[in-house]
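Okay, here's what each chain looks like letter by letter:
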Amino acid sequence: MPSFSDSVQALTIAPLHQWDNAMNVRSLRIFVVGFCMAAFITTHYFGADKAPKSVEKITYDSHVRPILRLYCFTCHNQNQAKGGLAVDNYTKLIEGGSSGEVVFEDDLDSSRLWALINHDEEPNMSPDQDKVPADKLALVRRWIEDGLLENSGSKATAKKSSVSLAISATSGRSQGPVVMPEGLSIEPVVYTPRAAAVTAIATSPWAPLAAIAGQQQICLYNTDTGELAGILPFVDGIPYCLHFSRSGALLLAAGGHGGSAGWTALYDVKTGKQLAKVGDELDAILAADLSPDQTQIVLGDSSRIVRILSAETGELLHQIRKHTDWIYALRFSPDGVLLASGDRTNGLFVWEADTAREYLNLRGHTAGITDVAWRSDSNVLASASLDGTVRLWEMNDGKQIKRWNAHSGGVLSIAYAHDGRLVTSGRDNRAKLWDGNGKLLKTFPAFAEQAMRVAISHDGKRVIAGDWTGTVRMWNVDDGKEAAQLPPNPPTIAMLVESLQGELKTALQAVATATARHSTLEEQVATRLQQLQEAKKAKRKDVVQRNKAWQLAKKQVTADQTTLAAAHKRAAEIQARLKAALAEKNARKAPAAPK
């Protein structure tokens, strides 16, 4: 039975020629006004407390379907479901298309249908028409936010508690001091005046240490000081993947020569010794990881096959043949239970780490998966894609819990901090810092070319990123200022010695200048004191002025002591570095000891 408002609307918009010729316009107006007054009196005096006014439900059948009919049915119907998506049927729309679900109840940010019709993403819907009017967009928005109701008889389900996107720092650190390189060589395997593109960056989970991939080498830098801590040889080509072990004691490096050979190596971070070398691929390895218990190594390349090997023996334990394109991303969850993998199209999967059985097929990205990262509690997986988005997935049923546009042109790298913040880099030449909900916290200065790789230090205080030209920068998170550059092709020892000798000369000149200035200030203090004592003895009227002059001179000496101490410290640091460089240079010249 039609409602009162429906009846009034029908009466007021019905064409007059449908009425009996005896009923003119004036009669119609009298009828409508009388009908309204009668209805008002009846409702107000007899049924007001029984039928309170309710907020209108926004439903698919009554509101959304008519909008989609105008703009989307041509390409997305049950007979011609472009991209596997049909929107002319409620059930089909909720199921989604080939790339997964497109609407999520009470989650506008994760609903791709909204992003397309609101022109937040491309291809815009509909490509051959103007943007959907604002009033119609408002209805679609309310429909999503109110729970995706199908019809007037549908009820919104109670909002389920989502996975928490805020997390306190967790600890997986082993007992004892953090592991740092000791006595490693700083002589580069290869030095070129111009560096190649930065293919991999990793940071230790517990120590101030960063690993930077270069040509046939891996450079280790202290993230507190920015100084080179050692160089590891990777003579089998270029490292395309670097990861520290969960304890921070080991470093995994994988790569090789494109179209020729691929290897994975494990290094002892403290000694620099290569502990294992596994894999013998026919192409460079593009993605790899070490399991948290350090028993398994997973690797992937252009063969589209994920291989899980024994870290100790290199024995093949499992093969996964689900991917249809080059494998770009592989990461074990921090608890070692799951393994995530992503490929060059948009294939994104989660596997049981022990059995290699498929656990989740995560659909939503519309372009290649470039990187993945696990939150430290293993409950959330972050994925980066060339579609420009970052997406967060919870691991109970694989639901996408967050999605945002991070970098125009594509996201190339992503990493989690212990506290749940994320860093990303992309084709817009920038590195960015986000909170766990996808809120942008900081955008760092742009590179000359696309920012290939990014990482965050163990304490979350510094962000490191490298670009296509081989430039690697480290910034302070607090103020966004550059703290140091970490070149993947540092100078040779001979070049370093020459440079340090020049720096030391300049530093010693600064010390001499500061010493002379300080001596002058001390003489001024002595002179002012003598003048003050003479004024007191003679009981002159300028005693107060003399005292002020003496006090001021003392303050200048005290302030200058800090400058002098800093000059001495700088010179001592350069001397120590020069001494170490000379020692390594001389050791390389010395003949080998007889056996």
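Residues numbered from 1 in each chain as written. Predicted model: local features only at pLDDT ≥ 70, side-chain atom pairs only at ≥ 80, totals over all residues. Heavy atoms only, no water.

(A) Geometry of the side chain of Asp-236. Relative to the assigned elements, Asp-236 resides in the loop between strand E4 (228–233) and strand E5 (238–244). The exposure class assigned to Asp-236 is buried, which follows from its relative accessible area of 18%. Here Lys-277 takes part through its side chain, which lies 3.0 Å from a polar atom of the side chain of Asp-236. In contact with Asp-236, other than residues within four places in its own chain, are Gly-256, His-257, Trp-263 and Lys-277. (Helix = DSSP H or I, 4+ residues; strand = E, 2+ residues; numbered from the N terminus. Buried < 20%, exposed > 50% of the residue type's maximum accessible area, 1.4 Å probe, protein only. Polar contact = N/O pair within 3.5 Å; in protein donor to acceptor, adjacent residues only side chain to side chain. Contact = heavy atoms within 4.5 Å.)

(B) Seen up close, the pairing of strand E26 (residues 462–467). Of all six residues that make up E26, six are buried, and the element is covered over most of its length. The side-chain alternation of E26 yields two buried faces, one formed by Arg-462, Ile-464 and Gly-466 and the other by Val-463, Ala-465 and Asp-467. Both strand E25 (residues 451–456) and E26 contribute to a ladder of five bridges, which runs antiparallel. Opposite Val-454, over in E26, you have Ala-465 as the bridge partner. (Pairing = 2+ DSSP bridges.)

(C) Layout of the side chain of Thr-59. Inspection of the secondary structure assignment puts Thr-59 in the loop between helix H2 (25–47) and helix H3 (60–71). Residue Thr-59 is classed as buried on the basis of its relative accessible area of 2%. A distance of 3.2 Å separates the side chain of Thr-59 from the backbone nitrogen of Ser-62, its partner in a polar contact. Ignoring anything within four residues of it in the chain, the contact list for Thr-59 reads Val-64, Trp-143, Leu-149, Glu-150, Asn-151 and Ser-152.

(D) Main features of helix H6 (residues 134–145). An ideal rise of 1.5 Å per residue puts 16 Å on 12 residues; H6 measures up with 16 Å between its terminal C-alpha atoms. Here H6 has its buried residues at Leu-137, Val-140, Trp-143 and Ile-144. The buried residues of H6 all sit within an arc of 120° when viewed along its axis, so they share a single face. What points out from H6, more than 90 degrees from its buried face, is the exposed set Ala-134 and Asp-135. Among the residues trailing H6, Gly-147 stands out with phi positive, at a value near 110°. (Expected span 1.5 Å × (residues − 1). Arc of directions from axis to C-beta.)

Any functional reading would require information beyond the geometric quantities listed.
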